[in-house]
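Fold and contact review
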Amino acid sequence: MPKNDVSSWDTTPANNTDVGGVDLAENSMRPRDVNNAIRTMMAQIASGILAWPTTTIELGHATDTTLSRGAAGFMAVEGKRVPSPGSQAAGDILYRGATEWERLAKGTALQVLRQNSALTAPEWATAREVLSANRTYYVRTDGSDSNNGLADTSGGAFLTLQKAINVVVTLDLAGFTVTIQLGDGTYTGGAAVSTPFLGGPVVINGNSGTPGNVIVDPSGAVCFGVTCATKLTVQNLEMRGGTGFSATSPGAQIAGGAGLRFGAATSFHTLAGSGGYVELTANYTISGAAVCHYYGVSGGLIQAASLTVTNSGTNAFSTAFAMAEETAVLRTFLSTYTGGTITGKRYGVTTNAVIQTFGGGANYFPGNSVGTTATGGQYA
Amino acid sequence: MPDTYDPSNWYWTVNGDETKAYSSAVGDYVPAGNTAFVAWLGRGNSPTRIASEAELGEVLAPYQLRPTAASVLDGYQDAHSRKLTLEIVAKVLFNLVNEVRALKGQSQITAQQFRAYVKGLM
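Summarised in this report is the structure supplied together with it. No experiment lies behind these values; they were computed from the predicted model shown.

All names here are of chain A. This model, assessed by the stated rule, comprises one cavity of 30 Å³ or more. There is about 30 Å³ of room inside the largest cavity. As for the largest cavity, its lining consists of Cys223, Met239, Arg240, Gly241, Gly242, Thr243, Gly244, Phe262, Gly263, Ala265 and His269. Residue assignment for the lining of the largest cavity shows that the elements contributing at least two residues are strand S20 (237-241), strand S21 (243-247) and strand S23 (260-265).

Here we take up the interface of chain B and chain A. With 12 residues of chain B at the interface, the matching set in chain A holds 12 residues. In this assembly, chain B packs against chain A so that about 850 Å² is buried in total across both faces, 58% of it on carbon and sulfur atoms. Considering only the surface of chain B that becomes buried against chain A, Tyr5, Thr48 and Glu55 of chain B emerge as the three largest contributors, covering 52% of it. If you look at where chain B meets chain A, you find zero salt bridges. At the junction of chain B with chain A, the criterion picks out five residue pairs in polar contact (both at pLDDT 80 or more). Elements with a contribution of two residues or more to the side of chain B that touches chain A: strand S4 (48-50) and helix H2 (53-60) of chain B. Of the residues that constitute the side of chain B that touches chain A, the class distribution is seven nonpolar, two polar and three charged.

All names here are of chain A. One open sheet holds the 10 strands; their spatial order is S11-S13-S16-S19-S22-S25-S28-S31-S35-S37, and the pairing between them is parallel. Each having just a single partner strand, strand S11 (135-139) and strand S37 (378-379) make up the two edges of the open sheet. Pairing of strand S25 (residues 277-280) with strand S28 (residues 301-303) involves three bridges; the strand directions are parallel. Bridge pairing in S28 places valine 278 opposite isoleucine 302. Its contacts with the sheet put helix H2 (residues 161-168) on S11, strand S13 (178-182) and strand S16 (202-205), and the angle it makes with S13 is roughly 170°.

Basis of the calculations
Residues numbered from 1 in each chain as written. Chains lettered and ligands numbered in written order. Predicted model: local features only at pLDDT ≥ 70, side-chain atom pairs only at ≥ 80, totals over all residues. Heavy atoms only, no water. 1 Å grid on protein atoms, 1.4 Å probe; cavity = no way out; pocket = protein on both sides within 12 Å on 5 of 7 lines; lining within 4 Å. Points joined across faces, edges and corners; volume = space filled by probe spheres on them. Helix = DSSP H or I, 4+ residues; strand = E, 2+ residues; numbered from the N terminus. Contact = heavy atoms within 4.5 Å. Buried area = accessible area lost by both parts, 1.4 Å probe. Salt bridge = Lys/Arg side-chain N within 4 Å of Asp/Glu carboxyl O. Polar contact = N/O pair within 3.5 Å; in protein donor to acceptor, adjacent residues only side chain to side chain. Nonpolar A, V, L, I, M, F, W, Y, C, P; charged D, E, K, R; others polar. Pairing = 2+ DSSP bridges. Axes fitted to C-alpha atoms, helices over the stretch in contact; angles between N-to-C directions.

Everything listed here is a matter of coordinates, which is why it stays silent on function.
Pasting the structure below:
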């Protein structure tokens, strides 16, 4: 049979006696036909390569290979599952299972791939959202915690401060600032921060034009409490209720910015304990009474330096205006306390605590009874 | 950068009078234009505001920063005298008791016996 294409070539050399009709047989091939034979072979090979895209690939022999429909999304060849192209979707991932290939359906937006705990398969997991710009969450008295907090409307804003905090602690701020903007009104719940913010500053802001229009009054509870190593800044609002600022954990920090008003409190206006730090960085107003205005205990630090503190009305401090115990430090120097009338003991410092006024004198703090020192406390 | 508070080299504005400042290093008031004071302000410092000269004297007393300004010295001496009065009164009484006992022909009491007597009063 003439060898007219590659498929007719024989695997036994002796059987290939011609190529395209050119005689290759021993003793009969003419020397002048060598070039014709080579040319013909090259043409046949080239024709075979061009035909490859239409070549049919057979799956073994008909009697010992089965191709059948497997589980949803799979074909089965000889009982082994093979993902079926028809069931895949963009974003799916194929991976090697214990005995065969498996398909992991695509996850949802912002999920990340991780190894499962059994180390047998990948799985999707929810990751922190990484900010690429500053962000503002809105909280309004007519909002809803079912909203996403990203619009200053009743249909977009959160209802509670705590909801905003709970969302922010899930973010990677990546160096950007998150502002929690409070609309005018009275909020009956405070903000408790027990999980650190990651990667950037967080500011709770009220009304910079009229801070008294935004009131946080959790009725006997803490307005702003930090109990983990993170920093929260609060500004332009009024606090009432139990304690205004409470930083009570090593590394916990609350910074008071502009436009703060400390209203009537059943406990303290500011509390720093157990290594916590409260810093007042801008002039502010006292508009209500409390047990203490500054209360530091157990290594807490309160700093309120070079400020003008304006008192409004008559306000009594039942323990002392400034109180420090158990190695706490109040750095409250170079400030001026003015306006209204404040009654109660000016200061109390005990158990190796320190109140530093930079020589402000016995009457540096407002009040109508003398300050006291005891058990190692220092007033300087 | 402001200096760290150093009571021996600090300034006070007393009773709101901005025309001068009390310098603990000098022990007296210096005018607002004083070169050292202006340089100190230039480092970002602010004088401590204090209500009266008497209070300033009290502030200086624990550090033994005796003022030369008579008006501040009074508060300084007052603070020292308050602290020392109880101790001195106790010594005067102790001596007086023994003088009375001597007049009565009684034996002298020791300081330890006197402390025991005072303890019994508490």
